[in-house]
Amino acid sequence: MTVAENIAKSPSDLLSRAELLDLSGLEFMQGILEGRLPGPPIAATMGYALHAVDDGRVVFRGAPGFETTNPMGTVHGGWYGTLLDSSMACAVMTKVPKGSVYTTLEYKINIIRPIPLGMLIDCVGLTDHAGRSTGVAHGEIRGVEDGKLYATGSTTCIIMALA
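Sequence order as written defines residue numbering, which begins from 1 separately in each chain. Reporting of local features is limited, given that this is a predicted model, to residues whose pLDDT is at least 70; pairs of side-chain atoms are given and counted only at 80 or more, and all residues count toward the totals for whole chains, interfaces and linings. To obtain the side-chain values, all non-hydrogen atoms of the structure were used and water was disregarded.

Trainee: I'd love a proper account of the overall build of the chain, names of residues and values included.
Mentor: In DSSP terms, a helix is any run of H or I states spanning at least four residues, a strand is any run of E spanning at least two, and both are numbered starting from the N terminus. Summing up its helical and strand segments, the chain has 4 helices and 6 strands in all. Listing every helix and strand of the chain by position from the N terminus yields α-α-α-β-β-α-β-β-β-β. With the C-alpha coordinates aligned to their principal axes, the bounding extent of the chain is approximately 45 × 30 × 25 Å. Think of it in three bands: with a 1.4 Å probe and only protein chains considered, a residue is buried below 20% of the maximum accessible area for its type, exposed above 50%, and partly exposed in between. Out of the 163 residues belonging to the chain, those deemed buried represent 42%. Whether two residues are in contact is decided by their heavy atoms: any pair within 4.5 Å suffices. When contacts within the chain are restricted to residue pairs at least 6 apart in sequence, those whose partners lie at least 24 apart make up 68%. With an accessible surface of roughly 8100 Å², the chain has 57% of that area assigned to carbon and sulfur atoms. Each accessible area is a Shrake-Rupley estimate made with a 1.4 Å probe; only the visible protein chains count as cover when residues are assessed.

Quick look at the structure:
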């Protein structure tokens, strides 16, 4: 089962706070990848899915569709930003211990070239640092077939112990 087949359809489909805090970030991300846990609705909205999860590394795969374009007919910068934020922050999530959560504090992206509509891309997020209260990661979007670099990003996340 892919994440696209197990997308949360309503808030009640998401894990409770207690269920979430009972998992490490890596366990949480692996559960989504394996289809045991609900995937985020944003993935369906934006046309991408979780493709790979490792300790400190997450890959989303997708293709921008017409619904992601700006008035000029090119892929909106927000699509690049959302995808990079997802991959980089989820890479940090793989380092978050049981009983803790994270959220993005800030991120930056650099769009290098336009992604053609319908072109399959991989967005890789890699953790650079995950400590007691902060996580730092970087990411890149590359074409699956051409290997070209389309965008890069960096993020800082806050890690919060709740249990």
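Trainee: For the nonpolar core, give the residues involved together with the corresponding values.
Mentor: For our purposes a nonpolar core is just a set of buried Ala, Val, Leu, Ile, Met, Phe, Trp, Tyr and Cys residues, chained together by side-chain atoms within 4.5 Å. In this structure, Leu83, Ile115, Ile121 and Ile141 are the most contacted members of the largest nonpolar core, which totals 34 residues. When residues of this core are assigned to their parent elements, the largest contribution, 10 residues, is made by helix H4 (residues 77–93). Beyond its immediate chain neighbours, meaning those up to four positions away, Leu83 contacts Tyr48, Phe60, Ile121, Cys123 and Ile141.

Trainee: Kindly report on the sheet that holds strand S4 (residues 121–130), identifying the contributing residues and their values.
Mentor: Paired strands, in this sense, are two strands between which DSSP finds at least two bridges. One open sheet accounts for 6 strands, arranged S1-S2-S4-S5-S6-S3; its pairing is antiparallel. With one partner strand each, in any of the chains shown, strand S1 (48–54) and strand S3 (100–111) form the two edges of the open sheet. Here the average twist between neighbouring strands, direction ignored, is 20°. Set on the sheet, H4 makes contact with S1, strand S2 (57–62), S3, S4, strand S5 (134–143) and strand S6 (149–161); between it and S3 the angle comes to about 140°. What counts as an axis is a line fitted to C-alpha atoms, over the stretch in contact for a helix, and the angles between N-to-C directions run from 0 to 180 degrees.

Trainee: How would you explain helix H2 (residues 25–33) if you had to name every residue and give the values?
Mentor: Note that an α-helix has 3.6 residues per turn; residues three or four places apart therefore point the same way. Along H2, the positions that sit buried rather than exposed are Gly25, Phe28, Met29, Gly31 and Ile32. Projected down its long axis, H2 carries its buried residues within an arc of 155°, all on one side. Packing partners of the buried residues in H2 comprise helix H1 (17–21), S1 and H4. With its phi angle positive at about 80°, Gly35 sits one or two positions after the end of H2. Along the arc lie the directions from the helix axis toward the C-beta atoms.

Trainee: I'd like to hear about the pairing of S5, residue by residue, with values.
Mentor: Residues Gly135, Ala137, Gly139, Ile141 and Gly143 point to one face of S5 and are all buried, whereas Thr134, Val136, His138, Glu140 and Arg142, pointing to the other face, are not buried. Across 9 bridges, the pairing between S4 and S5 is antiparallel. Paired with Ile121 across the bridge in S5 is Gly143. Pairing between S5 and S6: 9 bridges, direction antiparallel. Bridge pairing in S6 links Ala137 to Thr155.

Trainee: With reference to specific residues and values, describe the layout of surface pockets.
Mentor: If a probe the size of a water molecule is rolled over the atoms, the empty space left behind becomes visible. In the cavity and pocket records, a cavity denotes points on a 1 Å grid over the protein atoms alone where a 1.4 Å probe fits but cannot get out, a pocket denotes an open set with protein on both sides within 12 Å along at least 5 of 7 lines, and lining residues are residues with an atom within 4 Å of a point. Grid points are joined across faces, edges and corners, and a volume is the space filled by probe spheres set on the points. In this structure, the largest pocket occupies an estimated 550 Å³ of space. Along its surface, the largest pocket is lined by 25 residues, and Phe28, Ile32, Pro40, Cys90 and Tyr102 are the ones closest to its centre. Going through the elements one at a time, H2, helix H3 (41–46), S1, H4 and S3 are the ones with two or more residues in the lining of the largest pocket. The biggest single contributor to the lining of the largest pocket is H4, with 6 residues. Classes in brief: Ala, Val, Leu, Ile, Met, Phe, Trp, Tyr, Cys and Pro nonpolar; Asp, Glu, Lys and Arg charged; the others, Gly included, polar. By residue class, the composition of the lining of the largest pocket is 19 nonpolar, 5 polar and 1 charged.

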